[in-house]
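Below are the chains, spelled out letter by letter.
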Amino acid sequence: MKGTHANLSKEFITTSDKTDWHNDALWFLRAKRDKQRDTIEDWEKLRSTAAAIKDHTLSRLADYLQTFEENALQNGMQVHWAWDDAELREITASILRENNARSVVKSKSMLTEECGLNPYLEKEGFDVVDTDLGERIVQLRKEHPSHIVVPAIHLKKEEVSDTFHEKMQTEKGNADPGYLTAAAREALRKDFIKADAAITGVNFGVAESGAVVVCTNEGNADMGVHSKKTVIHCMGLEKLVPGYKELAVFTRLLARSATGQPVTVFTSHYRKPRPDVKQHIIIVNNKRTDIYTDPEFRQAMRCIRCGACMNTCPVYRRSGGHSYHHTVPGPIGSVLAPFYGKEKNKDLPFASTLCGSCNNVCPVKIDLAGLLYKWRQKLTDETSADTSKKMSMQVGSSILKSHKKYGMVTTAFRWVPKSLLQSKFNPWNSKGEDGKKARVFPEVPGETFRQWYKKRQK
Amino acid sequence: MNSKEKILDSLKKACGDPLPRPEIDLLYDKTALVEEYVRTAEASGTEVFLGEEENITGIITQWSEGQKIQSSVPRLREKYPLVFDEDMPFDQDNIPGVFVAEASFGVVENAALWFTDEELTSRLLAFIPEKLIILLSRNHLVATMHEAYARIEEGKTFGFGLFMAGPSKTADIEQTLVKGAQGAKELAVILY
Amino acid sequence: MLVGLFVPCYIDQLYPKVGKDTLEVLEKVGCTVVFLQDPLCCGQPMANSGYEKMTRGYEKPFLKALQEVDYLVTPSASCSSHLTHHLLKPLVGKEELSRVRELTEFLHDVTGLEKLKASFPHKVGLHLSCHGLRGLNLGTPSELKVPHYSKIEEVLSTVDGLELVVPPKADECCGFGGSFAVSEAAVSVKMGSDKMKGMSMAGVEYVTATDMSCLMHLEGVFQAENSPMKIMHIAELLNSEEGGSGNQ
């Protein structure tokens, strides 16, 4: 299979010199997160409180969604419900059409990425401009975000410079981030002026007040929301918290876990529309009820999309977000992805060493490694098997179950010449890009522990 | 069944027994220290002036370096009249060079300042000017977000509420921090 | 105290010395040790590859052993963690499970360290294997805000002359990960190579861990990259008399 994580990550490692740089860039976020953690005395209790709040909210999710809708309606918002990605796209397009909106400014929303909103709207003749700088960069390059918080983390400034030069006529070769950001600001300002409508994602929905909360560092969501007459907030149905008291816990955790900031620069609470403004909230399911219905996997719905599991993941840092071939990459992405296609995403739960670092940074304490392990068991049952792997496992397990076979293999193993064990026929002896051995199989000792012990007994 | 009914129905069928709403019982130092606020604010890229009621306008004038100042603060409106027109939000003559507002309160742990429609008058004013000056009373500091939201809950309901912690920024290009991504490029707080 | 020693398959086959040293260390601290002949493997290679169901029956010899010995000890945090978190977990109570121990943990929690006596006058880098650290809580992982402790460091502090170095990112995964090492070889080797660089920068002669599987992977990378660093399982260090004053 060409597009598997193993192949894509190999490409990322061997065909680019960026692996170490990418690794360091993400580790920088993890290190900043650790510093923020240290400023809070009962950090671990904050995490367990957050997990408990999410579990409580999920256990009454239908009630909270109804409360949220009632309050939002009372505040003058319009509320829509989308069963799946197609319905989100259709609702969005129809709102835009009803309001004669042709062009849209959109702030970061992994949900709309997941639902393929941009390509659909473009096909339907709308202009869509992503206004988060990272998302704008990947949009201009016709790529997808490689990380949910820092979408362009896979790109070096020289690549951004080339893209901007081509698309926005910035100076050729000027890769100064300050210069490039200023250029994007200027260009996006024009897009803000031109746009007829604004779309945002949602970080939290507050059931008891009907407010939607959007967190950004750039202020790009607000630039659109407060300047347009048609506003759409797309919210995954798991985003609810009961009230402000609970919201406090999450605003303390989100940015600290994500980028190591004590809070995002802007935490905007949209409750009532401005006069003459039509403000819509679309509550989106798109397979979330499937995750919800599975008792083992429901905890994955606690996720607040902070990206901490990606930043700490030693595999993600070295393989890049695109190697996960799913909207949300990294550990949480690999837990969610099979719900969106078991066959096409069956490799992802295996793209991990199950080291468990993600579990420990997760602000809502999702047992990510445990869920990946569970998926592995399910996927070998429920998807087409990798025959050679299955066979080797069958052979291995039968040997390790039978003393007779184990004894025979012990003897046979010692007849295999070292040259063969250390040759390319042994998959352990991985080769690097230069064809040089990258890992060598150990020398096999003359006697096993069992044989030695037998002698010792005599 | 429409989508709403389908969603609610699926959730209700699977939800199981409701879990109790957890107590939020977390440790934090409830003293809101000015020095600590200054530290977190400066770390967020905010310039902090320790002022007194009497020298507020002096600081504003000096920091504004001759740019057009508009203010939503009632006691400053006469001196810095607010002419921003929400219907022409991007009109250059309309946008203040410097916008002066008063925060409802500030949060020590993360330097977040709370505003609602009442303090901002126009929501966009918190984002569109290049420079912001925010007045913050030393008596209006709370230690953490827990107290902040308790205060929000006790206060008047709002249409739009905003925590702002520093000038707009991005690190989307190679993790290099750049101030002034979309919103204000500079933010000053006068703590009085 | 009667200890049943479980020597995992790959240690039996490839690193028998680790089994011998474990046995001798356990005897040194006063345990009566029987080698458990019956169990060959904890089932982890299959289970981590998604074939847990192929390991049905693997639990039997372990359950039998638990009835016969006071403790079941193994020189592999990863196997111990698989036994206690997966293979045996649904079958036996907590108390019973707590009689399954990884070597370091056993020495630290059960026998105490007084009788340990070893000597190894070298600079040794510690690799904190994931299953030992995050699975068995042998120390504090860098992600959590909890009071610092390290059972491994305490145990190794009994070795004369050993200069222990805990380099930055000592608790980052080495990249082994069972079948991951082969199915995701590029990332696996890259992780191993980065671990090697970290250790090499710390200027250590040896790298140790509670898991031979991590060390086997690292040894393979060291060898491919012609690194002079060597690997030593913690049991080998605890049973070393190199440069000692004859402590028989």
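Residues numbered from 1 in each chain as written. Chains lettered and ligands numbered in written order. Predicted model: local features only at pLDDT ≥ 70, side-chain atom pairs only at ≥ 80, totals over all residues. Heavy atoms only, no water.

- In the nomenclature of an unreviewed UniProt entry, chain C corresponds to (Fe-S)-binding protein from the organism Sinomicrobium weinanense.

- As recorded in an unreviewed UniProt entry, chain B goes by the name LUD domain-containing protein, listed as coming from Sinomicrobium weinanense.

A word on the overall build of chain C
Phase 1: Scanning chain C from terminus to terminus reveals 13 helices and 10 strands.
Phase 2: Its C-alpha radius of gyration of 17 Å places chain C within 12% of the 18 Å reference for a compact globule of 248 residues.
Phase 3: Based on the C-alpha atoms only, the size of chain C along its principal axes is roughly 45 × 45 × 40 Å.
Phase 4: In chain C, which comprises 248 residues, the share counted as buried stands at 67%.
Phase 5: The long-range fraction of contacts in chain C, counting pairs at least 24 apart against all pairs at least 6 apart in sequence, stands at 76%.
Phase 6: Of the roughly 8,700 Å² of accessible surface on chain C, 52% is carried by carbon and sulfur atoms.
Phase 7: Across chain C, the mean location of the 22 positive side-chain charges is 4 Å away from that of the 31 negative side-chain charges. (Helix = DSSP H or I, 4+ residues; strand = E, 2+ residues; numbered from the N terminus. Rg over C-alpha atoms; globule rule 2.2 N^0.38 Å. Buried < 20%, exposed > 50% of the residue type's maximum accessible area, 1.4 Å probe, protein only. Contact = heavy atoms within 4.5 Å. Areas by Shrake-Rupley, 256 points an atom, 1.4 Å probe, with all protein chains shown as cover. Lys, Arg positive; Asp, Glu negative; His and termini not counted. Charge placed at Lys NZ, Arg CZ, Asp CG, Glu CD.)

Considerations on the UniProt feature "domain: LUD" (unreviewed entry) in chain B
Phase 1: Those places that UniProt annotates as "domain: LUD" (unreviewed entry) correspond, in this numbering, to residues 98-191 of chain B.
Phase 2: A helix fraction of 15% and a strand fraction of 37% characterise residues 98-191 of chain B, whose end C-alpha atoms lie 17 Å from each other. (UniProt positions renumbered as here; feature names shortened; annotations may be inferred.)

Brief notes about the interface of chain B and chain A
Phase 1: If you look at the interface, chain B gives 65 residues, while chain A gives 91 residues.
Phase 2: Each partner contributes to the roughly 6,700 Å² buried at the junction of chain B and chain A, and carbon and sulfur atoms together form 62% of this total.
Phase 3: On the chain B side of the interface with chain A, the three residues burying the most area are B:Arg21, B:Ile173 and B:Gln182, jointly 12% of the side's total.
Phase 4: For the pair chain B and chain A, the interface holds eight salt bridges.
Phase 5: A salt bridge links B:Glu109 to A:Arg252; its shortest N-O distance comes to 2.9 Å.
Phase 6: For the pair chain B and chain A, the interface holds 35 residue pairs in polar contact (both at pLDDT 80 or more).
Phase 7: Counting only elements with at least two residues in the side of chain B that touches chain A, the list comes to α1 (3-14), α5 (145-154), β8 (160-164) and β9 (169-170) of chain B.
Phase 8: When the residues that make up the side of chain B that touches chain A are grouped by side-chain class, the tally is 32 nonpolar, 16 polar and 17 charged. (Buried area = accessible area lost by both parts, 1.4 Å probe. Salt bridge = Lys/Arg side-chain N within 4 Å of Asp/Glu carboxyl O. Polar contact = N/O pair within 3.5 Å; in protein donor to acceptor, adjacent residues only side chain to side chain. Nonpolar A, V, L, I, M, F, W, Y, C, P; charged D, E, K, R; others polar.)

Regarding the interface of chain C and chain A
Phase 1: Taken together, the 72 residues of chain C in the interface contact 74 residues of chain A.
Phase 2: Area buried by chain C at its contact with chain A is led by C:Gln13, C:Leu40 and C:Lys145, which between them contribute 12% of it.
Phase 3: Applying the counting criterion to the chain C and chain A interface returns seven salt bridges.
Phase 4: A salt bridge links C:Glu172 to A:Arg317; the shortest N-O distance between them is 2.7 Å.
Phase 5: One can count 40 residue pairs in polar contact (both at pLDDT 80 or more) joining chain C with chain A.
Phase 6: Considering each element in turn, the side of chain C that touches chain A owes the most residues, eight residues, to helix α11 (residues 185-201) of chain C.

A short note on the sheet that holds strand β8 (residues 163-165) of chain C
Residues and elements named next belong to chain C.
Phase 1: Strand order across the open sheet formed by four strands is β8-β6-β9-β10, with parallel pairing between neighbours. Each having just a single partner strand, β8 and β10 (230-233) make up the two edges of the open sheet. Neighbour-to-neighbour, the strand axes of this sheet turn through a mean angle of 35 degrees, independent of strand direction.
Phase 2: Relative to strand β9 (residues 206-209), strand β6 (residues 123-126) runs parallel, the two being bridged by three bridges. Residue Val124 lies in a different strand from β9, and its bridge partner there is Tyr206. (Pairing = 2+ DSSP bridges. Axes fitted to C-alpha atoms, helices over the stretch in contact; angles between N-to-C directions.)

Details of the packing of aromatic side chains
Phase 1: Following the criterion strictly, the structure yields 23 aromatic pairs over all chains and no others.
Phase 2: Taken together, a centroid distance of 5.1 Å and an interplanar angle of 70 degrees make the contact between A:Phe339 and A:Trp375 edge-to-face. With A:Phe339 in the loop between α16 (330-336) and α17 (357-361) and A:Trp375 in helix α18 (residues 368-382), this pair connects stretches of sequence that are 36 residues apart. Each member of the pair, A:Phe339 together with A:Trp375, is buried.
Phase 3: Relative to B:Phe163, the ring of B:Tyr149 has its centre 5.5 Å away and its plane inclined at 75 degrees; by these criteria the two rings are edge-to-face. Here B:Tyr149, found in helix α5, pairs with B:Phe163, found in strand β8; they are 14 residues apart in sequence, far enough to count as distant. (Phe/Tyr/Trp six-rings, centres within 6.5 Å; stacked < 30°, edge-to-face > 60°.)

Things to note about the pattern of salt bridges
Phase 1: Per the counting criterion, the structure on display carries 57 salt bridges over all chains.
Phase 2: The closest approach of N and O atoms between A:Asp20 and C:Lys190, which form a salt bridge, is 2.7 Å. In this pair, A:Asp20 is assigned in helix α2 (residues 19-38) and C:Lys190 in helix α11, connecting two distinct chains.
Phase 3: The residue A:Arg47 makes a salt bridge to A:Glu44 at a minimum N-O spacing of 2.5 Å. Residue A:Arg47 and its partner A:Glu44 are located together in helix α3 (residues 43-59), separated by three residues, close to a single helical turn. For the pair A:Arg47 and A:Glu44, a shared accessibility class is recorded, and that class is buried.

Some points on the pairing of strand β1 (residues 2-5) of chain C
Phase 1: Bridge count between β1(C) and strand β2 (residues 32-35) of chain C: four bridges; the pairing is parallel. Paired with C:Leu2 across the strands is C:Thr32, a residue of β2(C).

A word on the sheet that holds strand β9 (residues 266-270) of chain A
Phase 1: Pairing is mixed across the open sheet formed by eight strands, whose spatial order is β8(A)-β5(A)-β6(A)-β9(A)-β8(B)-β5(B)-β4(B)-β7(B). In this open sheet, the two strands that pair with only one neighbour each are β8 (240-241) of chain A together with β7 (141-142) of chain B.
Phase 2: Two elements, strand β4 (residues 105-107) of chain B and β7(B), share two bridges in a ladder whose sense is parallel. Directly across from B:Val107, in β7(B), lies its bridge partner B:Val142.

Some details on the packing of helix α1 (residues 5-14) of chain A against α11(C)
Phase 1: Orientation of α1(A) relative to α11(C), taken along the N-to-C sense of each, is 45 degrees, at an axis distance of 8 Å. With respect to each other, α1(A) and α11(C) are oriented oblique. Contacts between α1(A) and α11(C) involve A:Ser9, A:Lys10 and A:Ile13 from the first element and C:Ala186, C:Val187 and C:Lys190 from the second.
Phase 2: Within the contact of α1(A) with α11(C), the residues separate by chemical class into three nonpolar, one polar and two charged. (Parallel < 35°, antiparallel > 145°, perpendicular 65-115°, else oblique.)

Thoughts on the nonpolar core
Phase 1: A:Ile332, B:Tyr37 and B:Phe163 are the most contacted members of the largest nonpolar core, which totals 154 residues.
Phase 2: Top element by residues in this core is helix α12 (residues 244-258) of chain A. It accounts for eight residues.
Phase 3: Dropping the residues within four chain positions of it, A:Ile332 is found in contact with A:Ala300, A:Cys303, A:Cys309, A:Met310, A:Ile366 and A:Leu368.
Phase 4: Within the second largest apolar cluster, 94 residues are counted, among which are A:Tyr406, C:Leu5, C:Ala170 and C:Cys174. (Core = buried A, V, L, I, M, F, W, Y, C linked by side-chain atoms within 4.5 Å.)

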